[in-house]
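This is what each chain is made of:
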Amino acid sequence: MSLKKSGLQKEVLALYRRALRMVRTKPVLTQPKFLLFVRYNFHTQASSVSPRNVAAIEHLMRRGRRQLEMYEQPSVRDCQISRAMSDWEQSRRGSRTTSQ
């Protein structure tokens, strides 16, 4: 049984899909970095705000759209990955392999 999504949930998912499509427009060698950047930012932002805090979610959506517009520019060909992002990815990979 699938729950019906609210308008705000649909907007968040649309922004995430748009970010994933942006990753595919970048050079092949930098795509994994962009993908990690997108996944990490969505995950950390989502876990930092209550699903009931609509004002905060709308603020994050506006900020995310502006940031995505910047990264969608063809002149942006690479992004910086922090140590926290790398550690987050390693912990996610480790938890996935141990649960299988």
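Residues numbered from 1 in each chain as written. Predicted model: local features only at pLDDT ≥ 70, side-chain atom pairs only at ≥ 80, totals over all residues. Heavy atoms only, no water.

A closer look at the packing of helix α2 (residues 31–47) against helix α3 (residues 54–71)
The contact between α2 and α3 brings their axes to 12 Å, and the two run at 170 degrees. Between α2 and α3, the interaxial angle falls into the category roughly antiparallel. Contact residues: Phe 34, Phe 37 and Gln 45 in α2; Leu 60, Arg 63, Gln 67 and Tyr 71 in α3. Here the residues of the contact of α2 with α3 are counted per class, giving 4 nonpolar, 2 polar and 1 charged. (Axes fitted to C-alpha atoms, helices over the stretch in contact; angles between N-to-C directions. Helix = DSSP H or I, 4+ residues; strand = E, 2+ residues; numbered from the N terminus. Parallel < 35°, antiparallel > 145°, perpendicular 65-115°, else oblique. Contact = heavy atoms within 4.5 Å. Nonpolar A, V, L, I, M, F, W, Y, C, P; charged D, E, K, R; others polar.)

Section: α2
Between its first and last C-alpha atoms α2 spans 24 Å; for 17 residues at 1.5 Å apiece the expected length is 24 Å, and the two agree. Listed in full, the buried residues belonging to α2 are Phe 34, Leu 36, Phe 37, Val 38, Tyr 40 and Asn 41. (Expected span 1.5 Å × (residues − 1). Buried < 20%, exposed > 50% of the residue type's maximum accessible area, 1.4 Å probe, protein only.)

Some details on the environment of Leu 8
Counting through the fold element by element, Leu 8 comes out in helix α1 (residues 7–24). On the basis of relative accessibility, which here comes to 18%, the residue Leu 8 falls in the buried class. In sequence terms Leu 8 and Ser 86 are 78 residues apart; their C-alpha atoms lie 29 Å from each other. Excluding residues within four positions of it along the chain, Leu 8 makes contact with Val 54, Ile 57 and Glu 58.

Describing the UniProt feature "domain: Complex 1 LYR protein" (unreviewed entry) in the chain
Mapped onto this structure's residue numbering, the UniProt feature "domain: Complex 1 LYR protein" (unreviewed entry) falls at residues 10–70. From the first C-alpha to the last, residues 10–70 spans 22 Å; its make-up is 80% helix and 0% strand. (UniProt positions renumbered as here; feature names shortened; annotations may be inferred.)

Digging into the packing of α1 against α2
Following both chains from N to C, one finds α1 and α2 inclined at 165 degrees, their axes separated by 8 Å at the closest point. By the angle between their directions, the pair α1 and α2 is classed as roughly antiparallel. For α1 against α2, the interelement crossing comes out right-handed. Touching Val 12, Leu 15, Tyr 16, Ala 19, Leu 20, Met 22, Val 23 and Arg 24 of α1 are Gln 31, Phe 34, Leu 35, Val 38, Arg 39 and Phe 42, all from α2. Looking at the contact of α1 with α2 residue by residue, the classes come out as 11 nonpolar, 1 polar and 2 charged. (Left-handed = near helix turned anticlockwise from the far one by under 90°.)

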